[in-house]
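Structural characterization, general
For reference, the chains in residue letters:
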Amino acid sequence: MGQLVRFGVAGGISTLIYSAVYLPLTTWVFRGAHAVYAVPFAFAVAVTAGFFLHSRWSFKGHGTRQPGGTQQVKFVMVQASGMGLNAVITWVGTALLGYPAWAPLLPAIALATIFTFILNRWLVFA
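As for the overall build of the chain
From N to C terminus, the chain includes four helices and zero strands. Helices and strands in the chain line up, N terminus first, as α-α-α-α. For 126 residues, the compact-globule formula gives about 14 Å, and the C-alpha radius of gyration of the chain, at 15 Å, lands near that figure. The principal-axis extents of the C-alpha atoms in the chain amount to approximately 45 × 30 × 20 Å. Expressed as a percentage of the 126 residues in the chain, the buried residues total 38%. Long-range pairs, those at least 24 residues apart, make up 73% of the contacts in the chain with a sequence separation of at least 6. Of the roughly 6,900 Å² of accessible surface on the chain, 76% is carried by carbon and sulfur atoms.

Following this line, the structure appears as structure tokens:
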């Protein structure tokens, strides 16, 4: 349970970082139906911070740490799948349903968080 709470706190920090990149981009660069183009930029910044938060705090003491870049590659792959899920939800919300760019943030982040927690717990930091 403590691990899930730590993951939630670290995820909250990553979400703030993601939002700090995503929202300005969708306000000034990728407006309206083009909001989905801001997702990779925001995820790139958030995933970098997220790896350090999750590997050193969320999953501290859980599983083993792999030498070299194997674990980082797994983490990036898991986060990329979360980014894909996030992008689909953002695209559906903005391009198909016409919602403002901020509207898909909560469902996209909530679903991606659950999905990536499960994958990180059993694949990356196992």
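Considering helix H3 (residues 70-96)
Between its first and last C-alpha atoms H3 spans 38 Å; for 27 residues at 1.5 Å apiece the expected length is 39 Å, and the two agree. Listed as buried for H3 are Gln71, Phe75, Val78, Gln79, Gly82, Asn86, Ala87, Ile89, Thr90, Gly93 and Thr94. Among the residues trailing H3, Gly98 stands out with phi positive, at a value near 75 degrees.

As for helix H4 (residues 105-124)
For H4, with 20 residues, the first-to-last C-alpha span of 25 Å runs short of the 28 Å given by 1.5 Å per residue. When we look at burial in H4, the residues that qualify are Leu105, Ala108, Ile109, Ala112, Thr116, Phe117, Asn120 and Val124. Buried residues of H4, viewed axially, fall in a sector of 155 degrees; they line one side. Exposed positions of H4 whose direction lies more than 90 degrees from the buried face are Ile114 and Trp122.

Some details on the environment of Phe52
By secondary structure assignment, the location of Phe52 is in helix H2 (residues 39-58). On the accessibility criterion, Phe52 (42% relative accessible area) is partly exposed. Linking Phe52 and Gln72, residues 20 residues apart in sequence, is a C-alpha distance of 9.9 Å.

Looking at the environment of Phe117
Locating Phe117 in the fold gives a position in helix H4. On a C-alpha basis, the gap between Phe117 and Trp28 in space is 32 Å, while along the polypeptide they are 89 residues apart. Ignoring sequence-local partners within four residues, the contact set of Phe117 consists of Gln3, Leu4, Phe7 and Phe59.

About the thresholds
Residues numbered from 1 in each chain as written. Predicted model: local features only at pLDDT ≥ 70, side-chain atom pairs only at ≥ 80, totals over all residues. Heavy atoms only, no water. Helix = DSSP H or I, 4+ residues; strand = E, 2+ residues; numbered from the N terminus. Rg over C-alpha atoms; globule rule 2.2 N^0.38 Å. Buried < 20%, exposed > 50% of the residue type's maximum accessible area, 1.4 Å probe, protein only. Contact = heavy atoms within 4.5 Å. Areas by Shrake-Rupley, 256 points an atom, 1.4 Å probe, with all protein chains shown as cover. Expected span 1.5 Å × (residues − 1). Arc of directions from axis to C-beta.

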